[in-house]
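Structure assessment
So the chains spell out like this:
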Amino acid sequence: MKHFPTLALFIILLFLSGIPTLAREIDTAIAAYSYRQFSFFETIDKVAELGVRNLYGFNFQTVGGGIEGKLDPAALSDAELEKIRLKLTEKKISLIALYYGSFPEDEAACRKIFERSKSLGIQTFVSEPDPKLLPMLDRIAGEFGMKIGLHGHDRQSSPNTWHPLLVADKCRNLKNIAAFNDTGHWIRSGLDPTDGIEILGKFTIGFDLHDLNAEGKDVPLGTGVGNIGRMLRALKRIPGPPVLIGIEYNSNPQDPTADIKQCLEFLKDPKPNTSLNKFSDGFYAGAVSVDILPPKPVHLSGQFSLRVSQGAKTSISANILALTSVKNGQTVPVILISMDTVVIREQFNIPFRQALKEKIPEIPTENVIICATHTHSAPHLGQDRPDLPKDGSVMTSKEYIKFAIDRIVPGIRQAMEKQVPAKFGFGLGFVNIAYNRRAVYADGSAVMYGKTDRPDFRSLEGMTDNDLDMFCVWNQKDELIAMLLTIACPSQENENSLTLDGDFWARTRESLTKKYGKDTVILGMCGAAGDQSPHIRYRAAAEQRMTALRNLSRADELARRITCAVDDIYDVVASEKSDNPLMKYEYLEVDLPQRIPTKAEYDDAIANAERLQSNYEKTGNTASLGMLGWHKRIITRYENLKLNPKPTYPTSISVLRIGDIALCTNQFELYSDYGVQMKARSKAAQTFVIQLASGAPDSGTYLPTAHAVKGGGYGAVIQSNSVGPEGGLILTEETVKAIERLFSEK
Amino acid sequence: MNKIIAPIFIPVILMLTAILSAAQDTSAKQEAAADGFYASAVSIDITPERPVTLSGQFYTRISKGANTPITANVLVLNSIRNGRSTPAVLISIDVVSIREPFNITFREALKTQFPEIPSENIILCATHTHAGPNVGNDPGDLPNDADLMRGREYGQFVIEKLIPAIRQAWKNQVPAKYGYGLGFVNVAYNRRAIYADGSAVMYGKTNRSDFRGLEGMTDNDLNTLCIWDKNDKLLSMVLNIACPSQENEHLLFLDADFWGRARSRLNEKYGQDVVILGLCGAAGDQSPHIRYRNEAEDRMNRLRNLSRVEELGRRIANAVDDIYEVINSDKKENPVMAFEYLPLDLPQRKITEKEYQTAISESKRLDAEYEKTKNSSAYGQANWHRRTIKRYEYAKENPNPTYPTSICVLRLGEIVLCTNQFELYTDFGIQIKARSKAKQTFVVQLASGRPACGTYLPTAFAVQGGGYGAVPASNMVGPEGGLILVEETLKVIDKLFEE
């Protein structure tokens, strides 16, 4: 009996939870909302014809059968209730659940609803009550032996219940209230229904079951993008209380019966949907924008000091484009993702790739390119800092990573399912948003964000690449599906914000979707810009004055410029669409030589680490803590040289050819000169160089030029660089060679 | 105009114009007496009527006609405060540079024909088109063709048109408003490619495997100054872009390059009588030629059905459109105006013994080549090296030679416009902008000098890389002088902003 204490605790916990967790019973009901164009009495007849026993009503349906009012038991007379009971009995239908939008604050009024509903045989309410009423409702439901299922729509209409994490949180201490979500809203919000019920675990007592097509419309279960079969299998596997599946079918409201029959058939034998992804020769594209705004405060990533989010200024999203080319039966699939985050860290990348393997096995994970916009005001994707509050008020990185993966992976699936025969166009524009952020002084030293009004200021260290590389995909009706925009500037104007902020890309997306259509997906990609920034570096008064006269913030102004630059070239790009561009893809793993710390750099790192450690202990300054880790890594790297004097750094390059363009990625904050070298030497008519893509598997660091290393300063010192100029040239050569290979075929 | 009826109408029109302008003169004079801010602008056509030498290459080119008009665009500004006038005249002229013979004659003529304001207050700047008429000495290999207009003759032709135009603008001043703003336009590239061995080459290939970067940054600012009359009618726009107007630099036709096209688009939109002054910012190391990934840019031009030079005109016009309403929203009525002309003697770049020897051997080689081939480029380049030889020999007698130059600084309200005569590397312009006390700073190169026209003025970093534009033969003044130029300009700006 040495395991007794653990086992006893488990049993006690089960008992206290009030919800049995043994064998999971699943019952099915037809949601009367499917027949919302009919009266409740007519609905009873139709459900009876389907041969289904259970009905799940809603309290704003007209009753019919000579009864004037709606199906609100508290508002109906005793005689009317009796008439309803008779009708149900006649048709052998049980009204086992009722959607009751909200409950009154008055306890007596609530009791009346419970009492009269129970008299109709209702066991469960599906509702979205005011969170403050939950304890009272939980108590009353217990007294009546009934349950309340918390329902949710999308984030905007149901801020308290749209996400399963939020619902699970609310139900944790309640005995008679659990989740009753809607898989249709989950799918539209980019959430995989399977992930939804896995998050909820035992805290679910039912859901409105929908499957949707790529346009978000209801389709018979098992034929849409929701992977409902997999969800049902998971449901059976997860222990918990009995579950009610409400078949709610929103399409064809005038006559949904045939589709509902198909749903019922599917429930008998839920097979995976095999009718998808069978493309004939051609070029296909589908795109989806997935909301990844965290539901709770998070650690904002991008500075040495700790910042915890206090709300959000803009959307935080992952924008996904699925492209497939089929030629002579050979398929080349590629997924491109732009994610509002500072960098794709290892802690995210590894589970993300695992989830891809499990859930989208048909695409090699190497063909999925995920890139960071580099916003410095998005959730952290790496290891949690030791100074992160541990009282549960802040979402841990692990929680957020799971949250993001649970939304991005289904989003990829959805983008793939949305793929349609497509057209492709591309073009080059210009936008002035970046500055080289390294100031060079008379003594040859360079300083990131160094002052430019000093008498010894000589120049900014290098050029700025103002290209706006753009490609667009349209469907066969010439409706714009997606725009991919590459600009060699990180999206980090608001980098010390305490609110979640997608920076200039979020504002650009907003302004472009207003103009080009709300369904157009905008992928903002960062070109080679390790030495670039959107911060004004000189004659700031002149720029700031223009922004003030326009009554815009700088981030808004940058978005305005990008939008104008897109407007300037869009018609030109649209004037030369190609129907079936040659598409080729190469993923290349490369081991680059690491930049080797010198003895002096090692000594310097030790001294700095000691100073910062002592400073942190004295002051609790979180920036000291962040910088401490930065120096410690150099100490480790130097000491590891004894074991391996020529260490390498594993990385990967992806090169995608679409027609005349090449798109090549790397994981670094790559100095612009390398990007210009690639563009200058590329065989493609136009070359999109993209940095901050997910690596193999680590995230990238600054990759400086030899000229920058001479100047030193943050971004070009050993602490900032895993790979130095030698590796940068190899990266360039390998990329140029891969482009050449892909362009050897005309 | 119909040739038959022209003789009848021309005298009538001229008479009417004279009457009208006399009436206007009187009122302008009356108004000009009162404190206030006054302006007037005029554009004149200075396209030569006969063939000329096109200036801007080592080899000789004779014009075979004109693609665009060649113009001089004049803006007169005058502030009167407590009865004291501060006048300034800005002129943008479609030539490669304001060469010494032209500048001397022009200034002398001003003294007698337009003594109203000091000649120093007249800023004459070249757009740097490489397909404008030569206003300097004729090349030695010019054919003996009577129809050919020589450099001095063309210079005289321009002066005879330009001074009356300035006088006319001066007389036509009206109470004015001004507005300014900053936009962006992508027309320039840094034209110096750097390679793995540290060497730099102007227009060096960028698709070589040892290509490492372009040498420096590009300044994409579009500094704009607009002048309106009291009724908000736009009179003039000053547009300052750090890029020489030299896309079409090997043409055999007169061509005002991208400024010609930009003016034409802007006049179409903002009014045919709006005078557009295109001024070149610090851009010694810049050029409008595409330096890499040419195919991507060329393709866009092809799809737009535009030549590159037309596309550059389109971009400038669009960039103006982007900011015009913002500028218009913040017009100012009576700005503080201050002007300072500062003569400077900058240290000349010294010629080393090795550089001297190279110049001797190169000039000999090129002379021999010219003898053999009559290649006019060889002739031009030999002269270029001979100047280095002369400088070295002069320095033997005068060990610390200086180079006389001048800067002009004009303050207009919150902005400042400062000129120099060089092809000044962009980094110097950035230094001036970054340290300037003004809210917005217009740096203008290729202004008329004291009295010679400017040569390339490179940074220390560029001198390390070498190459055309940063070798001694290209530079009368080196990085040391560049820093002095920057300091002196900033000091004057500081002084003008004391008020």
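Nothing here was measured: the structure is a model prediction, and the numbers come from that model.

Scanning chain B for helices and strands turns up 11 helices and 22 strands. The C-alpha radius of gyration computed for chain B amounts to 23 Å, which stays within 12% of the reference 23 Å derived for 499 residues, consistent with globular compactness. Along the first, second and third principal axes, the C-alpha set of chain B runs to 65 × 60 × 55 Å. Counting across all 499 residues of chain B, residues that qualify as buried make up 62%. Contacts in chain B between residues far apart in sequence, at least 24 positions, make up 78% of those at least 6 positions apart. Per element, the accessible surface of chain B, about 19300 Å² overall, is 52% carbon and sulfur. Looking at charge distribution, chain B has the averaged site of its 57 positive side-chain charges lying 2 Å from that of its 59 negative ones.

Positive phi, normally seen in glycine, also occurs at A:L692, with a value near 60°. Looking at where A:L692 falls in the secondary structure, it is placed in the loop between β32 (686-690) and β33 (702-703). Look at B:L446: it is not a glycine, yet its phi comes out positive at around 60°. The residue B:L446 is located in the loop between β21 (440-444) and β22 (456-457) in this model.

The nonpolar side chains of soluble globular proteins are, as a tendency, buried together. Residue and element names in this part refer to chain A. With 81 residues, the main nonpolar core has I30, F40, I84, F114, F125, L137 and L209 as its most contacted residues. Among the elements that line this core, the one with the most residues is helix α5 (residues 134-144), at 6 residues. Core analysis: the second largest hydrophobic core is formed by 42 residues, I335, L356, I412 and M416 among them.

Taken together, the contact between chain B and chain A spans 49 residues of the former and 47 residues of the latter. Surface buried jointly by chain B and chain A totals about 4300 Å² across both partners, of which 57% is contributed by carbon and sulfur atoms. With a shortest N-O distance of 2.8 Å, B:R314 and A:D568 are connected by a salt bridge. Seen at the junction of chain B and chain A, the total is 17 residue pairs in polar contact (both at pLDDT 80 or more). Here the residues of the side of chain B that touches chain A are counted per class, giving 17 nonpolar, 12 polar and 20 charged.

It is possible for side chains bearing opposite charge to pair when their charged atoms get close. All names here are of chain A. Following the criterion strictly, the structure yields 83 salt bridges over all chains and no others. The salt bridge partner of E362 is R413, with a shortest N-O separation of 2.6 Å. Placement of E362 in the loop between α11 (346-359) and β17 (368-372) and of R413 in helix α12 (residues 397-417) is noted, with a sequence separation of 51 residues between them. Among the residues examined, R413 registers a relative accessible area of 16% and is labelled buried. Its salt-bridge partner being E601, residue R595 comes within 3.6 Å of it at the nearest N-O pair.

What follows deals with the packing of aromatic side chains. Counted by the stated rule, this structure contains 42 aromatic pairs over all chains. Through a chain of ring-to-ring contacts, three or more aromatic side chains come together here, namely A:Y100, A:F103, A:F114, A:F125 and A:F144. The residue whose ring lies beneath A:R539 is A:Y538, and the NZ or CZ to ring-centre distance is 4.6 Å. Above the face of the B:Y195 ring, B:R208 is positioned so that its terminal group lies 3.6 Å from the ring centre.

Here we take up the domain arrangement of chain A. All names here are of chain A. On domain assignment, one finds that chain A holds domain 1 (24-268), domain 2 (284-577 + 672-690 + 705-717 + 725-742) and domain 3 (597-646). Taking only C-alpha atoms into account, the centre of domain 2 sits 30 Å from that of domain 3. Every contact between the two is made by 8 residues of domain 2 and, on the other side, 7 residues of domain 3. Our count for the contact surface shared by domain 2 and domain 3 stands at 0 salt bridges. Counting the contacts that link domain 2 with domain 3 gives 0 residue pairs in polar contact (both at pLDDT 80 or more). Residue classes in the side of domain 2 that touches domain 3 are distributed as 5 nonpolar, 1 polar and 2 charged.

Each value, and the rule that gives it
Residues numbered from 1 in each chain as written. Chains lettered and ligands numbered in written order. Predicted model: local features only at pLDDT ≥ 70, side-chain atom pairs only at ≥ 80, totals over all residues. Heavy atoms only, no water. Helix = DSSP H or I, 4+ residues; strand = E, 2+ residues; numbered from the N terminus. Rg over C-alpha atoms; globule rule 2.2 N^0.38 Å. Buried < 20%, exposed > 50% of the residue type's maximum accessible area, 1.4 Å probe, protein only. Contact = heavy atoms within 4.5 Å. Areas by Shrake-Rupley, 256 points an atom, 1.4 Å probe, with all protein chains shown as cover. Lys, Arg positive; Asp, Glu negative; His and termini not counted. Charge placed at Lys NZ, Arg CZ, Asp CG, Glu CD. Core = buried A, V, L, I, M, F, W, Y, C linked by side-chain atoms within 4.5 Å. Buried area = accessible area lost by both parts, 1.4 Å probe. Salt bridge = Lys/Arg side-chain N within 4 Å of Asp/Glu carboxyl O. Polar contact = N/O pair within 3.5 Å; in protein donor to acceptor, adjacent residues only side chain to side chain. Nonpolar A, V, L, I, M, F, W, Y, C, P; charged D, E, K, R; others polar. Phe/Tyr/Trp six-rings, centres within 6.5 Å; stacked < 30°, edge-to-face > 60°. Lys NZ or Arg CZ within 6 Å of the ring centre and 35° of its normal. Domains from an automatic or database assignment.

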